[in-house]
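Take a look at the letters that make up each chain.
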Amino acid sequence: MAGLELRGPFLLVFALGQQLGNLLQQAMTNAPLTPGEFAVYSALRLMQPTTPTQLAGALGMKATTLSSVLVRMSKNGHLKRRRNPADGRSVILTLSPSGVRVTEACFAGFGVAIEAFRRQLTIDESALLGDLEAMSAALTRAGAELADRDQPGRDVSAGG
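Residues numbered from 1 in each chain as written. Predicted model: local features only at pLDDT ≥ 70, side-chain atom pairs only at ≥ 80, totals over all residues. Heavy atoms only, no water.

**What to know about the overall build of the chain**
Then, in step 1: Helix and strand counts for the chain stand at 7 helices and 2 strands.
Then, in step 2: Once the C-alpha set of the chain is aligned to its principal axes, its extents read approximately 55 × 55 × 25 Å.
Then, in step 3: When the 160 residues of the chain are sorted by exposure, 22% land in the buried category.
Then, in step 4: In the chain, 48% of the contacts between residues at least 6 apart in sequence involve partners at least 24 apart.
Then, in step 5: With the model as given, the accessible surface of the chain reaches about 11000 Å², and the carbon-plus-sulfur share is 59%.
Then, in step 6: The average position of the 16 basic charges and that of the 13 acidic charges among the side chains of the chain differ by 12 Å. (Helix = DSSP H or I, 4+ residues; strand = E, 2+ residues; numbered from the N terminus. Buried < 20%, exposed > 50% of the residue type's maximum accessible area, 1.4 Å probe, protein only. Contact = heavy atoms within 4.5 Å. Areas by Shrake-Rupley, 256 points an atom, 1.4 Å probe, with all protein chains shown as cover. Lys, Arg positive; Asp, Glu negative; His and termini not counted. Charge placed at Lys NZ, Arg CZ, Asp CG, Glu CD.)

Structure follows, in structure tokens:
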């Protein structure tokens, strides 16, 4: 791994994403959902009922990317939508019974991946989760900072 000891946080996170995708792909070969689909389905299963905005935020996805996944879920009969009583412009999402079944059908493969990972983990898992949550929050704040900076009409040269 010559030269890889110089990886910074962004390259490491990118590499981790690739490694995780490969591990899940191996473990979930016979699952009815891809690892990416399973992430959306399982997050919705844990958060339901929820809004698309809340789900996208939890997954770190752009709303437009999530929207295309939700369309496919609806076409497959895996998603239920109802008008949000608190905000008539929004919807509340839940998995349909068939959506719950297809999500749960992925648990065995996902469990194989998570157990293999835990057997190889040489640090405290709860400390790792805390660090990953802190990194996620920092990335969210950095993205918001850049979005604020790039708003048209905003004078960034004067400090605000």
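**Focus on the nonpolar core**
Then, in step 1: Formed by 21 residues in total, the largest nonpolar core has its most connected members in Leu44, Leu55, Leu70, Met73 and Leu93.
Then, in step 2: Looking at this core, the elements with two or more residues in it are helix H2 (35–47), helix H3 (52–59), helix H4 (63–75) and strand S2 (91–95).
Then, in step 3: Per-element tally for this core: the top contributor is H2, with 5 residues.
Then, in step 4: Setting aside residues no more than four positions away along its own chain, Leu44 makes contact with Thr50, Leu55, Met73, Leu79, Leu93, Thr94 and Leu95. (Core = buried A, V, L, I, M, F, W, Y, C linked by side-chain atoms within 4.5 Å.)

**Brief notes about the packing of H2 against helix H5 (residues 97–104)**
Then, in step 1: Contact pair H2 / H5: the axes reach a minimum separation of 10 Å and the direction vectors enclose 120 degrees. In terms of their interaxial angle, H2 and H5 are classed as oblique. For the pair H2 and H5, the sense of crossing is left-handed. Contacts between H2 and H5 involve Phe38, Tyr41, Ser42 and Arg45 on the former and, on the latter, Gly99, Val102, Thr103 and Glu104. (Axes fitted to C-alpha atoms, helices over the stretch in contact; angles between N-to-C directions. Parallel < 35°, antiparallel > 145°, perpendicular 65-115°, else oblique. Left-handed = near helix turned anticlockwise from the far one by under 90°.)

**Some thoughts on the packing of aromatic side chains**
Then, in step 1: Taken as a whole, this structure holds 2 aromatic pairs when the rule is applied.
Then, in step 2: Note on Phe38 and Phe107: the rings are 6.2 Å apart at their centroids and 80 degrees apart in plane angle, and the pair reads as edge-to-face. Of the two residues, Phe38 sits in helix H2 while Phe107 sits in helix H6 (residues 107–120), which places them 69 residues apart along the sequence.
Then, in step 3: With a centroid separation of 5.1 Å and an interplanar angle of 50 degrees, the aromatic rings of Phe38 and Phe110 are classed as tilted. (Phe/Tyr/Trp six-rings, centres within 6.5 Å; stacked < 30°, edge-to-face > 60°.)

**Quick word on the pattern of salt bridges**
Then, in step 1: One pass over the full model with this rule turns up 4 salt bridges.
Then, in step 2: Across the pair Glu104 and Arg45 runs a salt bridge, and its minimum N-O distance is 3.5 Å. You can see Glu104 sitting in helix H5 and its partner Arg45 sitting in helix H2, a full 59 residues away along the chain.
Then, in step 3: When its relative accessible area of 37% is taken as the criterion, Glu104 is described as partly exposed.
Then, in step 4: Residue classification places Arg45 among the partly exposed positions, given a relative accessible area of 31%.
Then, in step 5: In this structure, a network of salt bridges that share partners links the residues Glu115, Arg118 and Glu125. (Salt bridge = Lys/Arg side-chain N within 4 Å of Asp/Glu carboxyl O.)

**With respect to the environment of Ser98**
Then, in step 1: Structurally, the position occupied by Ser98 is in helix H5.
Then, in step 2: Along the primary structure Ser98 and Gly77 are separated by 21 residues, whereas in three dimensions their C-alpha atoms are 7.0 Å apart.
Then, in step 3: If we skip the residues at most four places from it in the chain, Ser98 touches Gly77 and His78.
Then, in step 4: At a separation of 2.8 Å, a polar atom in the side chain of Ser98 contacts the main-chain carbonyl oxygen of Gly77. (Polar contact = N/O pair within 3.5 Å; in protein donor to acceptor, adjacent residues only side chain to side chain.)

**A few points about H2**
Then, in step 1: If you check H2, its first and last C-alpha atoms are 18 Å apart, about what 13 residues at 1.5 Å a residue would give, namely 18 Å.
Then, in step 2: Taken together, the buried positions of H2 are occupied by Pro35, Phe38, Val40, Tyr41, Ser42, Ala43 and Leu44. (Expected span 1.5 Å × (residues − 1).)

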